[in-house]
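# Structural overview for review
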Amino acid sequence: MTDASTPIRVLLVDDHAMLRAGFRTILDTQPDITVVGEAATGAEAIAQATALRPDVITMDVQMPDMDGIEATRRIVADPEISAAIAIITTFDRDDYLYQALDAGASGFLLKNAGPEDLLAAVRALAAGDGMLAPEVTRRVLARFSTASAPTSGVEPARASAPATTPAVALAEPLTEREAEVLALLADARSNAEIASALFIGEATVSRILQKLGARDRVQAVVLAHRMGLA
């Protein structure tokens with residue numbers, strides 16, 4: 001989570017220079033966001049993430065030498081890098097979506113999204129939240145909240161729920177109040193809104209993610225649906 005007094009540092013990763021330039025133009029016009037670097041391949045993304053320590057990385061999928069999914073997996077696995085990663089792709093494919101979440105991505109947007117969606121995603125990820133494109137949210141929830149067979153055309157090993165998604169059988173059961181918090185998280189309420197509705201501190205809302213073992217709100221929402229709380 002970034003300090004509100006400092007700009008959100010963003011690394012742009014895409015093998016098309018024109019697209020990176022477009023993203024930079026959108027992001028650099030905002031006083032709370034600054035683009036600190038660019039990369040055209042997965043290997044470059046890892047090197048730049050290591051050197052620049054950005055807060056947020058926008059990651060393409062199909063790139064030379066290493067795809068964005070594998071680059072995401074390696075960056076997330078590095079304890080020295082705390083960047084949140086948003087996969088931004090042209091292809092609305094379920095296998096990309098599930099692999100991205102499995103690799104540790106906190107966001108998934110399509111390249112036909114508007115500038116306001118890109119800005120919202122960067123700010124959400126910098127704040128410690130996850131963000132999924134509206135087009136894919138329903139599919140994600142349906143996939144993770146059921147034990148249905150993999151979508152046709154998707155490899156079973158990749159179509160299953162991410163290995164990092166918390167199991168429903170928690171080591172320590174949720175209290176009634178924590179279940180209420182999780183249900184409101186699934187309803188896309190902000191920490192402040194949840195704290196106000198339940199008369200609790202915002203820190204309490206944040207702690208539930210730690211108890212769940214959830215990396216971010218995307219995983220928390222998935223878990224809420226699997227537990228029947230949403």
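Residues numbered from 1 in each chain as written. Predicted model: local features only at pLDDT ≥ 70, side-chain atom pairs only at ≥ 80, totals over all residues. Heavy atoms only, no water.

## Remarks on the overall build of the protein
Our working rule: Going along the chain from the N terminus, every DSSP run of H or I of four or more residues is numbered as a helix, and every run of E of two or more is numbered as a strand. Contact criterion: two residues are considered in contact whenever any of their non-hydrogen atoms come within 4.5 Å of each other. Each accessible area value is a Shrake-Rupley result obtained with a 1.4 Å probe; residue values ignore everything except the protein chains displayed when judging cover.
When you go through the protein residue by residue, the secondary structure sums to 11 helices and 6 strands. Long-range contacts, defined here as pairs at least 24 residues apart, represent 65% of the contacts in the protein between residues at least 6 apart. Total accessible area computed for the protein in this model is approximately 10,800 Å², and 55% of it derives from carbon and sulfur atoms.

## Quick notes on the nonpolar core
Selection criterion: Working definition of a nonpolar core: buried Ala, Val, Leu, Ile, Met, Phe, Trp, Tyr and Cys residues. They are joined through side-chain atoms within 4.5 Å. Under the scheme applied here, a residue whose accessible area is under 20% of the maximum for its type counts as buried, over 50% as exposed, and between as partly exposed, the area being computed with a 1.4 Å probe on protein chains only.
Ranked by size, the top nonpolar core spans 28 residues in total, and within it Val13, Ile57, Met59, Ile75, Ile87 and Phe108 carry the most contacts. Only strand S1 (8-13), helix H2 (42-52), strand S3 (56-59), helix H3 (68-77), strand S4 (84-89), helix H4 (94-103) and strand S5 (107-110) provide two or more residues apiece to this core. With 6 residues, H4 is the largest single contributor of residues to this core.

## A short note on the packing of H3 against H4
What counts, and what does not: A fitted line through C-alpha atoms represents every axis, and for helices the fit uses only the stretch in contact; the resulting angles, taken between N-to-C directions, go from 0 to 180 degrees. By the definition adopted for this analysis, an angle is roughly parallel if under 35 degrees, roughly antiparallel if over 145, roughly perpendicular if from 65 to 115, and oblique otherwise. Each crossing gets its hand from how the near helix is turned against the far one by less than a right angle, where anticlockwise is left-handed and clockwise is right-handed.
The interhelical angle for the contact between H3 and H4, taken along N-to-C directions, is 15°, at an axis separation of 8 Å. In terms of orientation, H3 and H4 fall into the roughly parallel class. Pair H3 / H4 crosses with right-handed handedness. Only Tyr96, Gln99, Ala100, Asp102 and Ala103 of H4 make contact with H3, whose side of the interface consists of Ile69, Thr72, Arg73 and Val76.

## As for the packing of aromatic side chains
Each aromatic ring pair is characterised by the separation of its centres together with the angle its planes make. Stated precisely, the cut-off is as follows: Pairing of aromatic side chains requires ring centres within 6.5 Å, counting the rings of Phe and Tyr and the six-membered ring of Trp. Pairs whose planes differ by under 30 degrees are stacked, by over 60 edge-to-face, and all others tilted.
The tally for this structure, following the rule as stated, stands at 1 aromatic pair. Ring geometry for Phe91 against Tyr96: centres 6.2 Å apart, planes inclined by 80°, an arrangement best described as edge-to-face. With relative accessibility at 35%, the residue Phe91 sits in the partly exposed group. Residue Tyr96 is classed as buried on the basis of its relative accessible area of 9%.

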